[in-house]
Each structure stands twice: as structure tokens, then as C-alpha cells.
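# Report on the structure
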Amino acid sequence: MTDPTQNSETSKFPDWLESLLADHPDLPPVVTFATGAPLLIKLGLVGTITPDGLRYIARSDRDWPFGPGRQHPYLPVGNARGMSTREFLAFFAHGPARGGRGMNRS
């Protein structure tokens, strides 16, 4: 059986992400919405985000890679939904669509 937290397709990860993962061997293999938000901030992938912000992205972003019928299943972590840290960071490394009002067209 393969480990769902590891991915043999390292080519889809940018070199800087591979370097970041190598520099932080203490990263957990799985994150939840509650643990993933502060991790993204700590690693500098986003300026600010909350667990609810992550949940919003999961509901609204067509490219969100986790969940039923998606590239990666959620992993059970108690009552929470877990995600492979590697795949989670890769999603944010590529940068999901950002929210906001859009361009000021006045």
C-alpha cells in the first residue's frame, strides 16, 4: 500500500517547494484546515489566512485538489478532514485564485 502523504511525481512541484520541504523535515505529513492556515503563513506562502478562509477556497475554487471526485481524497483525522501536506503546499505554491473585488473600473 502506498503512503497517501507522499507523491512520486516530484516534477509537478517547483524546485523552491522541494527545497522548502527539504529545509523543513519536521513538517507534518497531514494538515487540516485548522493546522494548514498557520502553516501557510509560517512558510510565507500567504500573508494572512484563516481556517475559514481555507474552507471557503475549498468550497469555491474549481481547482481545489481535495475531496470526493478530486485528485486527492481527504484523509480522516479525528473529526477533521486531513490533506497531504505536500499536495496542500503545492496547491498554494501554484497560487489559487485570490478573492477580493477585482479591478477598480471607475
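Residues numbered from 1 in each chain as written. Predicted model: local features only at pLDDT ≥ 70, side-chain atom pairs only at ≥ 80, totals over all residues. Heavy atoms only, no water.

## Some points on the overall build of the protein chain
When helices and strands are counted, the protein chain shows 4 helices and 3 strands. Taken over 106 residues, the protein chain has a buried fraction of 40%. Taking contacts inside the protein chain between residues at least 6 apart in sequence as the whole, the part at least 24 apart equals 59%. Carbon together with sulfur atoms contributes 52% to the accessible area of the protein chain, which is approximately 7,000 Å² in total. (Helix = DSSP H or I, 4+ residues; strand = E, 2+ residues; numbered from the N terminus. Buried < 20%, exposed > 50% of the residue type's maximum accessible area, 1.4 Å probe, protein only. Contact = heavy atoms within 4.5 Å. Areas by Shrake-Rupley, 256 points an atom, 1.4 Å probe, with all protein chains shown as cover.)

## Examining the nonpolar core
Leu-40, Trp-64, Phe-88, Leu-89 and Phe-92 are the most contacted members of the largest nonpolar core, which has 26 residues in total. The biggest single contributor to this core is helix H4 (residues 85-94), with 5 residues. In this structure Trp-64 touches Phe-33, Ile-57, Ala-58, Arg-70, Tyr-74, Met-83, Phe-88, Phe-91 and Phe-92, once residues within four positions along its chain are discounted. (Core = buried A, V, L, I, M, F, W, Y, C linked by side-chain atoms within 4.5 Å.)

## A look at the sheet that holds strand E2 (residues 75-77)
Taken in spatial order, the 3 strands of this open sheet run E1-E3-E2, and their pairing is antiparallel. Each edge of the open sheet is held by one strand with a lone partner, namely strand E1 (30-31) and E2. In the sheet, E1 pairs with strand E3 (residues 80-84) via 2 bridges, with the strands oriented antiparallel. Across the sheet, the residue bridging to Val-31 is Met-83, located in E3. Lying over the sheet, H4 contacts E1 and E3, oriented at roughly 75° with respect to E3. (Pairing = 2+ DSSP bridges. Axes fitted to C-alpha atoms, helices over the stretch in contact; angles between N-to-C directions.)

## Points about the pattern of salt bridges
In this structure the tally under the stated criterion is 2 salt bridges. Between Asp-52 and Arg-55 there is a salt bridge, with its nearest N and O atoms 2.8 Å apart. Taken together, the positions of Asp-52 and Arg-55, both in helix H3 (residues 51-60) and 3 residues apart, correspond to about one turn of that helix. According to the relative accessible area criterion, Asp-52 is exposed, its value standing at 53%. (Salt bridge = Lys/Arg side-chain N within 4 Å of Asp/Glu carboxyl O.)

## Structural notes on the confidence of the model for the protein chain
Predicted confidence across the protein chain gives a mean pLDDT of 82, with 78% of residues reaching 70 or more. The model gives residues 1-11 a pLDDT under 50, and that stretch makes 13 contacts with residues more than four places away or in other chains. Predicted confidence is poor over residues 100-106, with pLDDT under 50, and the contacts of this stretch with residues over four places away or in other chains come to 0 contacts. (pLDDT = per-residue confidence, 0-100.)

## Some points on the packing of aromatic side chains
What the rule picks out here adds up to 8 aromatic pairs. When the centroid spacing of 6.2 Å and the interplanar angle of 20° are considered together, the rings of Phe-33 and Trp-64 count as stacked. Of the two residues, Phe-33 sits in helix H2 (residues 33-42) while Trp-64 sits in the loop between H3 and E2, which places them 31 residues apart along the sequence. The buried category is assigned to Phe-33, whose relative accessible area is 4%. Here a set of aromatic residues connected by ring pairs shows up, and it is made of Phe-33, Trp-64, Phe-66, Tyr-74, Phe-88, Phe-91 and Phe-92. Above the plane of the ring of Tyr-74 lies Arg-81, whose end atom (NZ or CZ) is 4.9 Å from the centre. (Phe/Tyr/Trp six-rings, centres within 6.5 Å; stacked < 30°, edge-to-face > 60°. Lys NZ or Arg CZ within 6 Å of the ring centre and 35° of its normal.)

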